[in-house]
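Close look at the chain arrangement
The chain contents come next:
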Amino acid sequence: MIRTFSLRSTAALAIVAALAAAPAAAQQTPADTAPIQRDDGEITTSQDIVVLGSVGYRNRSDAAEPILSYDSEFFQRFEPLTAGDALKRVPSVTFLSDVIESDGARLRGLPPGYTQILINGERVPGNASDRSFFLDRIPAELIDRVEIVRSSSARRTGDAVAGTINIELRDGYALDGGYVRAGALYYDDEELEPSLGLVYGGQVGPGRLLIGLNFQGRHNPKKKFSLRYGDSPENDPDFATNEFDNREDQTDTRDGKDYSANASYEIDGETTDFRLSGFFVRTDRFESERSFEYDDPVAVNGPLPTGNLLSDNANDNDIDQQNYSIDAKLSHQWSLGKTTLRVGFARFDDEQSESEYQIEFNDEGDDPEFEQEFFTTDIADKEFSVKLDHAFELGGDTQLVVGGLYQDKDRRTAILETDDDAEFPGLEGRYDQFRNNPAELVAPFGELEPADGGVNSIEERRLDAFALVQGKSGGLTWEAGIRYETTRFDITDFTEAAAVPTQRNEYEKWLPSASIKFDLTPRDRITASVARTNRRPDFNFISPALLEEEVGDSDLLGNPQLGPETAWGFDLGYERRIGRTGVVGINAFYRDVTDLIELTNTGEEGSEGAGTFVYQPQNVGDGKVWGVEFDLSTDLAFLGLPDTGIFGNISWLDSEITDFAGTRRFNGQSDYVYNIGFIQDIPAWGVAFGATHRKQGAAYDRVISEEVRTTYGADLEIFVEKRIGSNFTIRAVGSNLLNGAKREVFNKFDNLEDQLDRDFDEYELESEKAGPVFQLMARYAF
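Residues numbered from 1 in each chain as written. Predicted model: local features only at pLDDT ≥ 70, side-chain atom pairs only at ≥ 80, totals over all residues. Heavy atoms only, no water.

With respect to the overall build of the chain
Looking only at helices and strands, the chain features seven helices and 39 strands. Computed over its C-alpha atoms, the radius of gyration of the chain comes to 28 Å, within 12% of the 28 Å expected for a compact globule of 782 residues. Expressed as a percentage of its 782 residues, the buried residues of the chain come to 53%. Expressed as a percentage of contacts within the chain between residues at least 6 apart in sequence, the contacts between residues at least 24 apart total 70%. Just so you have it, the chain exposes about 32400 Å², and 54% of that area is on carbon and sulfur atoms. Charge centroids of the chain, computed over 76 positive and 141 negative side chains, lie 11 Å from each other. (Helix = DSSP H or I, 4+ residues; strand = E, 2+ residues; numbered from the N terminus. Rg over C-alpha atoms; globule rule 2.2 N^0.38 Å. Buried < 20%, exposed > 50% of the residue type's maximum accessible area, 1.4 Å probe, protein only. Contact = heavy atoms within 4.5 Å. Areas by Shrake-Rupley, 256 points an atom, 1.4 Å probe, with all protein chains shown as cover. Lys, Arg positive; Asp, Glu negative; His and termini not counted. Charge placed at Lys NZ, Arg CZ, Asp CG, Glu CD.)

Concerning the sheet that holds strand β9 (residues 143-149)
On the basis of which strands lie adjacent, the open sheet formed by six strands has the order β3-β4-β9-β10-β7-β8 and mixed pairing. Every interior strand has two partners, whereas the edge strands, β3 (58-60) and β8 (122-123), have only one. For strand β4 (residues 67-71) and β9, the ladder comprises five bridges, and the chain directions are antiparallel. Its bridge partner being in β9, L68 is matched across the sheet by I148. (Pairing = 2+ DSSP bridges.)

Here we look at the nonpolar core
Among the nonpolar cores identified, the biggest contains 48 residues, and L87, L135, I138, I148, I165, I167 and F666 are the most heavily contacted of them. When residues no more than four places from it in sequence are discounted, the contact partners of I165 are L87, A105, L107, T115, Q116, I117, L118, V146, E147 and I148. Among the nonpolar cores identified, the runner-up in size contains 11 residues, and F292, L427, Y431 and L441 belong to it. (Core = buried A, V, L, I, M, F, W, Y, C linked by side-chain atoms within 4.5 Å.)

With respect to empty space enclosed by the protein
Applying the stated rule across the entire model yields 15 cavities of 30 Å³ or more. Quantified by volume, the largest cavity comes out at close to 540 Å³. Along the walls of the largest cavity sit 36 residues, with L81, D85, K88, I100 and E101 positioned nearest its centre. Counting only elements with at least two residues in the lining of the largest cavity, the list comes to α4 (83-87), β13 (207-229), β14 (244-268), β15 (272-294), β32 (687-696), β35 (715-724) and β39 (773-781). Per-class residue counts for the lining of the largest cavity are nine nonpolar, 11 polar and 16 charged. (1 Å grid on protein atoms, 1.4 Å probe; cavity = no way out; pocket = protein on both sides within 12 Å on 5 of 7 lines; lining within 4 Å. Points joined across faces, edges and corners; volume = space filled by probe spheres on them. Nonpolar A, V, L, I, M, F, W, Y, C, P; charged D, E, K, R; others polar.)

As for the pairing of strand β21 (residues 476-493)
In this sheet, β21 lies alongside strand β20 (residues 449-473) in antiparallel orientation, the contact comprising 18 bridges. From the neighbouring strand, A465 faces β21, where its bridge partner is Y484. Adjacent in sequence and paired antiparallel, β20 and β21 are bridged by two residues, among which G474 carries a positive phi angle near 60°. Pairing of β21 with strand β22 (residues 502-519) involves 17 bridges; the strand directions are antiparallel.

Observations regarding a nonpolar patch on the surface
A cluster of nonpolar side chains, contributed by F274, L276, I326, L330, L341, V343, F384, L388, Y406 and L463, occupies part of the molecular surface with about 820 Å² of accessible area. Elements supplying a minimum of two residues to the nonpolar patch: β15, β16 (309-334), β17 (337-360) and β18 (369-395). The residue L276 is located in strand β15 in this model. For L276, a relative accessible area of 41% gives the class partly exposed. (Patch = residues over 30% accessible without salt bridge, like charges linked within 9 Å, V, L, I, M, F, W, Y side chains within 5 Å. Salt bridge = Lys/Arg side-chain N within 4 Å of Asp/Glu carboxyl O.)

Considerations on unusual backbone geometry
Cis rather than trans, the peptide bond between L304 and P305 has omega equal to 5°. Looking at the secondary structure, you find P305 in the loop between β15 and β16. A positive phi angle, close to 60°, is found at R108, a residue other than glycine. Mapping R108 onto the fold places it in the loop between β6 (106-107) and β7 (115-119). Here the phi dihedral of N736 falls at roughly 50°; this positive angle occurs in a residue that is not glycine. Tracing the backbone through its elements, the reader meets N736 in the loop between β36 (728-735) and β37 (741-748).

Observations regarding the packing of aromatic side chains
The tally for this structure, following the rule as stated, stands at 21 aromatic pairs. Plain terms: the ring middles of Y229 and Y763 are 6.2 Å apart, the flat faces sit at 45° to each other, and that makes the pair tilted. Here the residue Y229 occupies a position in strand β13, and Y763 occupies one in strand β38 (residues 762-769), the gap between them amounting to 534 residues. When its relative accessible area of 11% is taken as the criterion, Y763 is described as buried. (Phe/Tyr/Trp six-rings, centres within 6.5 Å; stacked < 30°, edge-to-face > 60°.)

Concerning the pattern of salt bridges
Taken as a whole and judged by the stated rule, the model has 79 salt bridges. A salt bridge links D381 to K409, with the shortest nitrogen-to-oxygen separation between them at 2.8 Å. Here the residue D381 occupies a position in strand β18, and K409 occupies one in strand β19 (residues 398-423), the gap between them amounting to 28 residues. Here the two residues D381 and K409 agree in accessibility, since each one is buried.

Notes on the confidence of the model for the chain
On average, residues of the chain score 90 in pLDDT, and 94% of them reach the 70 mark or higher. Averaged pLDDT values for the elements of the chain fall to 37 in helix α1 (residues 2-21) and rise to 97 in strand β23 (residues 524-535). For residues 1-40, every residue scores under 50 in pLDDT, and the model assigns this stretch 47 contacts once sequence neighbours within four places are set aside. (pLDDT = per-residue confidence, 0-100.)

Points about the side chain of D493
Here D493 is to be found in strand β21. For the buried D493, no salt bridge is present, and the opposite-charge side chain at shortest range is R412, 12 Å distant. At 2.6 Å, the side chain of D493 forms a polar contact with the side chain of T495. Each residue touching D493, except ones within four places of it in the same chain, is listed here: G453, V455, N456, A498, P501, S543, P544 and A545. (Polar contact = N/O pair within 3.5 Å; in protein donor to acceptor, adjacent residues only side chain to side chain.)

Points about the pairing of strand β27 (residues 582-606)
With 13 bridges joining them, strand β26 (residues 565-578) and β27 adopt antiparallel strand pairing. In the sheet register, R576 faces β27, and the bridge partner there is V584. Hairpin connection, β26 to β27: the antiparallel pair is bridged by three residues, and G579 has positive phi, about 60°. Of the pairings in the sheet, the one linking β27 to strand β28 (residues 609-636) comprises 20 bridges and is antiparallel in character. By the bridge assignment, F589 is partnered in β28 with G627. Where β27 hands over to β28, the hairpin turn is made up of two residues, counted between the paired strands.

Observations concerning the environment of A465
With respect to the helices and strands, A465 occurs in strand β20. In this structure A465 comes out as partly exposed when scored by relative accessible area, which is 39%. Through-space distance from the C-alpha of A465 to that of T157 is 9.8 Å; in sequence the pair is 308 residues apart.

Regarding the environment of D381
The class for D381 is buried, based on a relative accessible area of 0%. It is 7.6 Å that separates the C-alpha atoms of D381 and N127, two residues lying 254 residues apart in sequence. Excluding residues within four positions of it along the chain, D381 makes contact with P125, G126, A346, R347, F348, K409, D410, R411 and F539. Within polar-contact distance, the side chain of D381 engages the side chain of K409 at 2.8 Å. Separated by 2.8 Å, the side chains of D381 and R411 make a polar contact.

Examining the environment of G56
As for its position among the elements, G56 is in the loop between α2 (46-50) and β3. Under the relative-accessibility criterion, G56 is labelled buried at 14%.

Here it is as structure tokens:
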């Protein structure tokens, strides 16, 4: 380890020295690349994107809603690969992903389904059953800015209990010129992955066109280690020796390629504006796991009965995912106000083929047993939507906005499976887990059959209407409105697990909202908002299928009649402008959630007989969520350091739910998350460098038959940048420099009664670790 660190340090110093020795960047923008003005701001030149002339900070929004806005310049110098990686630097966003991955964003620590994810202001479907969208599907290179909307507005759908993350992609009015990006990522296992991109924006005919292409190699090599016991420390002080059951050593490697493209064409006229935009992302990924179980805490040798190897498992998953969105927007200003029509179509396809092979050895004289399983998953989720709204001028700076939404969602799922087993006499005497693989024993699979509840279709129709009044008077900006949402869906289960295959449900909600922003002084302002929001049920909960042994040894019966959870939310904030570009803010929030979906005991006996039951989700719970969020983003000009930028945020998060075992937080909510960092620019040398440090607190999950406590190590990223002329930049970035680790403690039980009595089926300690990642990335503007 010492030798490896020394070599990397030497290489890093050599890169820094070489970058510093290159010519400094020009300080003037050529006249022929002067930015073009637009009503809502400037068009950024490609030189400005490639050669950052200053440090990027958080923007100060003038909208009535509490919005935190971050341009791509805020993230770019740390070269995030995905939108999820970029969001690790903004307040109150946590993840429970594997190390060096950032997929399901948990705004304010709540599960991903409580956060509304928008792309260009529109919802997009994903493969997750909780309706969430994984942010690692969006390459960071496509992003123009990210908005964190802390409250809700009548103008958007109300699926935003925790808030909304809106990702605005680059368009023709966000870029003038083009640039190419090329580089590579080097991983801890000596794997090298490419990264390529091309973006161009300019005038074409009467409008402006933007095209972006991106190719990204993805790699994540991890190592896992688990110790399992028959009881827990709380029941046996000598559990480490008395209750030891087995140890598992696992390698988990994820390789993939992401292909993405986005495009937009916009025409801005005197009274009529038109925009056509879209994006496409394809993920081609292969996940490979290899696990060895031993009956000794430290031994590494051959199979039982002469060695300590209990089992050898190989699991491979081939993933092909595609998602795309097409959106057309037409707006017209006329004597009665402004009318806007928006039509969109989005689709997500997920195809997976997973195989698992396992050999189990024993010391009782029986022959080794081989098991093989094969699963296929095919999910197609598509949405068509039409939005129409009109803004009436009421005089002064006051407007009345009315509108509506029609959305047609069609989601089809097909999960098929097959399995087989066999015995192999004498295999233990000639099997070496380091030379052999369980896949070598594979036999032809039988016919694939639907998994219980695994083949279904969901058709969802939404019809919404809203009205709001907004205005500005002096230092006060305000908005108040109400949204009426109606939903009807039909779900059909095509397996034999449902007594009534097709069922329908309908519900409606009134969602009022109001926000104000008041400027106390030109630098100081307060924000306040109140809104009612909702969260729709998970797809797997509304399936009518009966799934055996899904809740420990007990069964789960879906409930198509579930309604959405609802919440009243309050936000109160203060922010102050610091100098020319800086801002500091603090915000307190509270959510009162009702109709929480919790599993309830139907009283029916489960498929495993006495002591097991049939559980069903019901709208029976209540919960509270609260916290305080602080963020700072400014230069240090007031200390005589105008080229030094600092940023930091910290969020204290808490919640309370009463479940079957007492009170707890919302599952998976970390108790805090913080991020601090700095960027130092040296204009005379054309050099910049910086670092960011991030840490999130422990999270706890409790469901029937299982409890998990998850902790993460800290994350450190460092970059060094050299600007050469007015068109070229090269960056060296190191991420996950602290060898990020994820640790989980599992309490497992056979049923609810054992869980309440603390009669453990298994107690497990699991750790997962990945090494640092190094990038070298260059950009050239043309």
